[in-house]
Amino acid sequence: MDKILVTGGLGFIGSHTVVELQEAGYNVVIIDDLSNSSEKVLGGITAITGKKPIFEKIDLKEKTDVEAFFKKHNDVKGVIHFAASKAVGESVKEPLLYYENNIGTLVYLLKELKKLPGASFIFSSSCTVYGQADELPITESAPVKQAESPYGNTKQIGEEIIRDTCKVVPTLKAIALRYFNPIGAHASTEIGELPIGVPQNLVPFITQTGIGLREELSVFGDDYPTPDGTCIRDYIHVVDLAKAHVVALQRLLQNNNKESYETFNLGTGKGSSVLEVVQSFERVSGEKLNYKIVGKREGDIISAYADTNKANDELGWKTKLSLDEAMLSAWKWEQKVRAKE
Ligand code: UD1
């Protein structure tokens, strides 16, 4: 079976994708610099799949290390590139760090892929490229808006770099997957999200509040023009998202792609408000969540959810898991992580 490189394969989405790849029979090599992950995740992946993936601790900013990796693993057929920094606020304070981490490393990888006889490349992009879309649900042809943050800009620029490279490198095929809001954890509770410090994202903040690690959730604004006044997002179970990566990779490996560079939205197609996510948590956990309404968070968009037709029709992929299932898995994971501490 083909050898697939997963960069950032010990991170949240990366680790779930490694599991799905191994379960589909692929040989996985992980590159991770452990800057926002732990080597312990390898144990979780091995416990689920019965197979330990190869792990190379490499910082992709080290160009010579990237070159050496591809000399050693010159039989790599596909690359799923997760490794990147993703904290919006930090990116505003440290733009160069983000351009170096997210853009510099992408260029080094593509330079190596150019040398291979053939390569399939999957890029972690984000619905952040659409900003506040004029029409909902958001289709892939919605205009890419001026980025709100250096982080968002790295996703836009990253997509452009890949598109331009595919135009001139006939052996390279690529898909950019634009994620909506990935949440949840593997049903085995062997792997899940491990935010470092105070979580910035809604769901880990909710589960940490539920377990008593945080006093209360601050809901950022309740007077948005939405039915209950709180912002709306498309929360997708990370296992559904991980499976989409396998399907997208297979599309490229089997030459079923229509163009050398394609983009797909990955979401459920359903929008949920912040309060609906809180209610879902309360329903599946049986716990009451402490929360208060506070002022709006700067830069938040009001509402974003995916038009899933392109991914459904072209990839033959659909989400299967509900918001409640995702919240339950996130809650079980949180309980397991804290029980270990
Ligand atoms: C955020 C980023 C997005 C990035 C994604 C990556 C912003 C504006 N957007 O997405 O660019 O791709 O993370 O992970 O930073 N909320 C609360 N209280 C909290 C946390 C969140 O009310 O403590 C609300 C937010 O206002 C939002 C929703 O929950 O309405 C989801 O927030 P979050 O999980 O941060 O995701 P995004 O804002 O969609």
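Conventions adopted
- Residues numbered from 1 in each chain as written.
- Predicted model: local features only at pLDDT ≥ 70, side-chain atom pairs only at ≥ 80, totals over all residues.
- Heavy atoms only, no water.
- Near = heavy atom within 4 Å.
- Polar contact = N/O pair within 3.5 Å; in protein donor to acceptor, adjacent residues only side chain to side chain.
- Areas by Shrake-Rupley, 256 points an atom, 1.4 Å probe, with all protein chains shown as cover.
- Helix = DSSP H or I, 4+ residues; strand = E, 2+ residues; numbered from the N terminus.
- Nonpolar A, V, L, I, M, F, W, Y, C, P; charged D, E, K, R; others polar.
- Domains from an automatic or database assignment.
- Buried area = accessible area lost by both parts, 1.4 Å probe.
- Salt bridge = Lys/Arg side-chain N within 4 Å of Asp/Glu carboxyl O.

**Some remarks on the site of the ligand**
Reasoning step 1: With respect to spatial proximity, 19 residues lie near the ligand, and among them Leu-202, Ser-218, Arg-233, Arg-297 and Asp-300 are the closest.
Reasoning step 2: Here Thr-128 contributes a side-chain N or O atom positioned 3.4 Å from an oxygen atom of the ligand.
Reasoning step 3: Taking Phe-220, its main chain carries an N or O atom lying 2.9 Å from an oxygen atom of the ligand.
Reasoning step 4: Contact with the protein chains removes 85% of the 750 Å² of surface that the ligand exposes when unbound.
Reasoning step 5: Per-element tally for the shell around the ligand: the top contributor is strand β8 (residues 217-220), with four residues.
Reasoning step 6: Of the residues in the shell around the ligand, the class split is nine nonpolar, seven polar and three charged.

**Points about the domain arrangement of the chain**
Reasoning step 1: Here the chain is described as being made up of domain 1 (3-183 + 237-266) and domain 2 (202-233 + 269-340).
Reasoning step 2: For domain 1 versus domain 2, the distance between C-alpha centres works out to 24 Å.
Reasoning step 3: Between domain 1 and domain 2, the buried area comes to about 2200 Å², and carbon and sulfur atoms account for 66% of it.
Reasoning step 4: Seen at the junction of domain 1 and domain 2, the total is two salt bridges.
Reasoning step 5: With its nearest N and O atoms 2.8 Å apart, the salt bridge here joins Glu-314 to Arg-251.
Reasoning step 6: The interface formed by domain 1 and domain 2 holds 11 residue pairs in polar contact (both at pLDDT 80 or more) in total.
Reasoning step 7: Looking at the side of domain 1 that touches domain 2, the elements that each hand over two or more residues are β7 (181-183), α8 (238-253) and β11 (261-266).

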